[in-house]
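Coordinate inspection notes
So you can see what is in the structure, the chains are spelled out below.
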Amino acid sequence: DVKVTQSSRYLVKRTGEKVFLECVQDMDHENMFWYRQDPGLGLRLIYFSYDVKMKEKGDIPEGYSVSREKKERFSLILESASTNQTSMYLCASSFERIWAPGNTIYFGEGSWLTVV
Amino acid sequence: AQTVTQSQPEMSVQEAETVTLSCTYDTSENNYYLFWYKQPPSRQMILVIRQEAYKQQNATENRFSVNFQKAAKSFSLKISDSQLGDTAMYFCAFMKHEGADGLTFGKGTHLIIQP
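Residues numbered from 1 in each chain as written. Chains lettered and ligands numbered in written order. Predicted model: local features only at pLDDT ≥ 70, side-chain atom pairs only at ≥ 80, totals over all residues. Heavy atoms only, no water.

1. Regarding the nonpolar core
All names here are of chain B. The following threshold applies: For our purposes a nonpolar core is just a set of buried Ala, Val, Leu, Ile, Met, Phe, Trp, Tyr and Cys residues, chained together by side-chain atoms within 4.5 Å. Residue exposure (1.4 Å probe, protein chains only): buried if accessible area is under 20% of the type maximum, exposed if over 50%, otherwise partly exposed. Strands here are runs of E lasting at least two residues and helices are runs of H or I lasting at least four, both read from the DSSP assignment and numbered beginning at the N terminus. Any two residues whose heavy atoms approach within 4.5 Å are treated as being in contact.
With 26 residues, the main nonpolar core has Leu21, Tyr25, Trp36, Phe75, Leu77, Tyr90 and Leu111 as its most contacted residues. Going through the elements one at a time, β2 (10–14), β3 (19–21), β5 (32–39), β6 (46–52), β8 (64–69), β9 (74–79), β10 (88–96) and β12 (109–114) are the ones with two or more residues in this core. Among residues more than four places away in sequence, those in contact with Phe75 are Cys23, Tyr25, Leu34, Phe35, Trp36, Gln51, Val66, Asn67, Phe68 and Cys92.

Structural data, given as structure tokens:
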């Protein structure tokens, strides 16, 4: 089975702290994604990456950055955490040829971040 | 840009009933994919069903089926013989053919199956 692992399930950070959310996938996927999930808003794409050292902005990139130094790892960085970044963050990954039959996007279990 | 609309924030049905969740989308793309994901209280996103836009035949997976109306840009999910374990958030999602920029999600429908 595909495994997308988010190392931190629950975090509490203070306003202004630098926060790292780590995501690792074990299926040699080319594409990786970071989503934010808030009640009533669904999932919104923050950043995505289709190759090592490549990154693209999603719909809500403000206040976030990402790093992809290795193919299997995609990190989300909050340079200076703020209370409005309290949310659940979901990492996902997929093969490049996502349209091929049987392929889809696989999700991690989520990281709950509270900024106080 | 694509948009996905789920107009039912919450639905509740009795166990064993059939329920239909609505989803509409807007896109200028001709080739794309549509998905329904289930998110139980554990928060793990689980793929329920997938539909390729170029296929006229509606996708089915056991008790789950879709009604895909491309011209109307409608993609509803039907759950037959609903079970208590079907209680979850359900998200409709759109993906362009290229896929590299991921999924665009609706806001979700909270489905409650009553015993």
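2. As for the pattern of salt bridges
Rules: Put simply, a salt bridge is a Lys or Arg side-chain nitrogen that is within 4 Å of an Asp or Glu carboxyl oxygen.
With the rule as written, the count across this model stands at twelve salt bridges over all chains. Between Glu109 of chain A and Arg9 of chain A there is a salt bridge, with the nearest N and O atoms lying 3.5 Å from each other. In this pair, Glu109 of chain A is assigned in the loop between β10 (106–107) and β11 (111–115) and Arg9 of chain A in the loop between β1 (4–6) and β2 (10–13), connecting sequence segments 100 residues apart. Taking relative accessible area as the criterion, Glu109 of chain A reaches 39% and is therefore assigned partly exposed. Note on Arg9 of chain A: relative accessible area 26%, which makes it partly exposed. In this structure, Arg63 of chain B and Asp86 of chain B form a salt bridge, with 2.9 Å as the shortest nitrogen-oxygen distance.

3. So, the interface of chain B and chain A
We apply this condition: Defined here as a combined quantity, buried area equals the accessible surface (1.4 Å probe) lost by two parts on assembly, summed across both. In protein, a polar contact means a hydrogen-donor-capable atom and an acceptor-capable atom, both N or O and within 3.5 Å, with residues adjacent in sequence counting only if both atoms are side-chain atoms; elsewhere, any N or O pair within 3.5 Å suffices. Here the nonpolar group is Ala, Val, Leu, Ile, Met, Phe, Trp, Tyr, Cys and Pro; Asp, Glu, Lys and Arg are the charged ones; every other residue, Gly included, is treated as polar.
Facing the 22 residues of chain B at the interface are 25 residues of chain A. Both sides of the chain B and chain A interface together cover about 1900 Å² of buried area, and 57% of this is carbon and sulfur. At the junction of chain B and chain A, the tally comes to zero salt bridges. Counting every contact that joins chain B to chain A gives four residue pairs in polar contact (both at pLDDT 80 or more). Looking at the side of chain B that touches chain A, the elements with two or more residues in it are β5, β6 and β10 of chain B. For the side of chain B that touches chain A, the per-class residue count stands at ten nonpolar, seven polar and five charged.

4. Examining the state of the cysteines
All names here are of chain A. Selection rule: Two cysteine sulfur atoms form a disulfide, by the criterion used here, when they sit within 2.5 Å.
The final tally for this structure, using the stated rule, is two disulfides over all chains. Between the sulfur of Cys23 and that of Cys91 lies a disulfide, 1.9 Å long from S to S. Its torsion about the S-S bond being -80°, the disulfide of Cys23 and Cys91 is classed as left-handed. Of this pair, Cys23 sits in strand β3 (residues 19–25) while Cys91 sits in strand β9 (residues 87–94), placing them 68 residues apart in sequence. What makes Cys23 buried here is its relative accessible area of 0%. Residue Cys91 is classed as buried on the basis of its relative accessible area, which comes to 0%.

5. Some words on unusual backbone geometry
Residues and elements named next belong to chain B. If you check the backbone angles, Arg43 has positive phi at about 80° while not being a glycine. Mapped onto the elements of the fold, Arg43 is located in the loop between β5 and β6. Judged by relative accessible area, Arg43 falls into the partly exposed class, the value being 27%. Of note, the phi angle at Lys73 is positive, near 55°, even though the residue is not glycine. The partly exposed category is assigned to Lys73, whose relative accessible area is 25%.

6. Regarding the sheet that holds strand β7 (residues 65–70) of chain A
All names here are of chain A. To keep things clear, this is the line we draw: Here a strand pair is declared whenever DSSP counts at least two bridges between the two strands. In this analysis, axes come from line fits to C-alpha atoms, helices being fitted only over the stretch in contact, and the angle between any two N-to-C directions falls in the range 0 to 180 degrees.
Strand order across the open sheet formed by four strands is β1-β3-β8-β7, with antiparallel pairing between neighbours. The two strands at the open ends of the sheet, each matched to only one other strand, are β1 and β7. When strand polarity is set aside, the average angle formed by the axes of neighbouring strands in this sheet is 20°. Across three bridges, β1 lies against β3 in antiparallel orientation. Bridge pairing in β3 places Thr5 opposite Val24.

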